[in-house]
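# Notes for the structure review
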Amino acid sequence: MRDFRDAKAMAKALKLALEQDGIEIAHTRALEIVSRQFDLPNWNVLSSKIEKAEETPAIAFEQAVPIVRIFDLAKTQEFYFDFLGFSLDWEHRYGENFPVYMQVSRAGLRLHLSEHAGDATPGGNMCVYMKGIHAFHAELTAKNYRYMKPGLEKSDDRLEVTVTDPFNNHIRFMEIVGY
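## A few points about the layout of surface pockets
When its volume is computed, the largest pocket comes out at roughly 240 Å³. What lines the largest pocket is a set of 13 residues, among which R106, A107, L109, M130 and F173 lie closest to the centre. Split by residue class, the lining of the largest pocket holds 9 nonpolar, 2 polar and 2 charged.

See below:
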């Protein structure tokens, strides 16, 4: 995903896209437009911000992707896809009759589910911060899943919905509400 440090490339892409539609603008005009997209008054301010960012090496962590140990593909699909509403992004096996390793996702959350013995320990616990926990809880309740009837719990400044998968892995979905 691009950020302000990619402003020159973004301006070039904008200029080329407009030219394809028969609209000619100067590169400097494209830089000014991109600056405003970052809520900055002009290119000089954005250029200064880029220079400062390049002077200071940044450490940036991306989203962690937990690996969750699974044992039974049918139960995995029923829980993660049918009940929690995740979608399969990809899956990998080293060959026929080998354990599966897959990525599932929903609304920005990614999980890796693995049948490989060394990848994770069953019975893990994770916290997932989210928005829209009331709607999520209502969605889960409406599914009337045979093996799980999660409640919506208030704890200090957050609301929580805790689920346990068929392999005893616990997921606490939490929304900070600030009373």
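## Structural notes on unusual backbone geometry
In the Ramachandran plot, A107 falls in the positive-phi region, its phi being about 50° despite a non-glycine side chain. Within the secondary structure, A107 is located in the loop between strand 3 (101-106) and strand 4 (109-114).

## Details of helix 5 (residues 133-143)
Within the span of helix 5, buried status applies to I133, F136, H137 and L140. With its buried residues spanning 100° around the axis, helix 5 presents them on a single face. Relative to its buried face, helix 5 has exposed residues pointing more than 90 degrees away, namely H134, A135 and A142. Of the residues one or two after helix 5, N144 is the one with positive phi, at around 50°.

## Observations regarding the sheet that holds strand 2 (residues 87-92)
With respect to topology, 4 strands assemble into an open sheet ordered 1-4-3-2, the strand pairing being mixed. Each of the sheet's edge strands pairs with one partner strand only, and the pair in question is strand 1 (67-69) and strand 2. Adjacent strand axes in the sheet meet at a mean angle of 25°, parallel and antiparallel pairs treated alike. When strand 2 meets strand 3, the two strands line up antiparallel, connected through 5 bridges. Directly across from W90, in strand 3, lies its bridge partner Q103.

## Some points on the nonpolar core
In globular proteins that are soluble, nonpolar side chains generally tend to be buried together. In terms of nonpolar packing, the biggest core is built from 28 residues, with Y80, L84, L111, V163, I171 and F173 touching the most fellow members. Those elements giving two or more residues to this core turn out to be helix 4 (73-83), strand 3, strand 4, strand 5 (125-129), helix 5, strand 7 (158-164) and strand 8 (170-176). Here this core takes 4 residues from helix 4, the largest share from any one element. Those residues in contact with F173, other than ones at most four positions away along the chain, are L109, V128, M130, I133, F136, L159, E160, V161 and V163. Of all hydrophobic cores here, the second largest spans 12 residues; its members include I25, A30, L40 and L46.

## A word on the pairing of strand 3
Burial runs high along strand 3: 5 of the 6 residues are buried. In terms of strand pairing, strand 3 meets strand 4 through 6 bridges, oriented antiparallel. From the neighbouring strand, Q103 faces strand 4, where its bridge partner is H112. Following strand 3, the chain reverses through 2 residues before pairing antiparallel with strand 4; A107 in that reversal takes a positive phi of roughly 50°.

Conventions adopted
Residues numbered from 1 in each chain as written. Predicted model: local features only at pLDDT ≥ 70, side-chain atom pairs only at ≥ 80, totals over all residues. Heavy atoms only, no water. 1 Å grid on protein atoms, 1.4 Å probe; cavity = no way out; pocket = protein on both sides within 12 Å on 5 of 7 lines; lining within 4 Å. Points joined across faces, edges and corners; volume = space filled by probe spheres on them. Nonpolar A, V, L, I, M, F, W, Y, C, P; charged D, E, K, R; others polar. Helix = DSSP H or I, 4+ residues; strand = E, 2+ residues; numbered from the N terminus. Buried < 20%, exposed > 50% of the residue type's maximum accessible area, 1.4 Å probe, protein only. Arc of directions from axis to C-beta. Pairing = 2+ DSSP bridges. Axes fitted to C-alpha atoms, helices over the stretch in contact; angles between N-to-C directions. Core = buried A, V, L, I, M, F, W, Y, C linked by side-chain atoms within 4.5 Å. Contact = heavy atoms within 4.5 Å.

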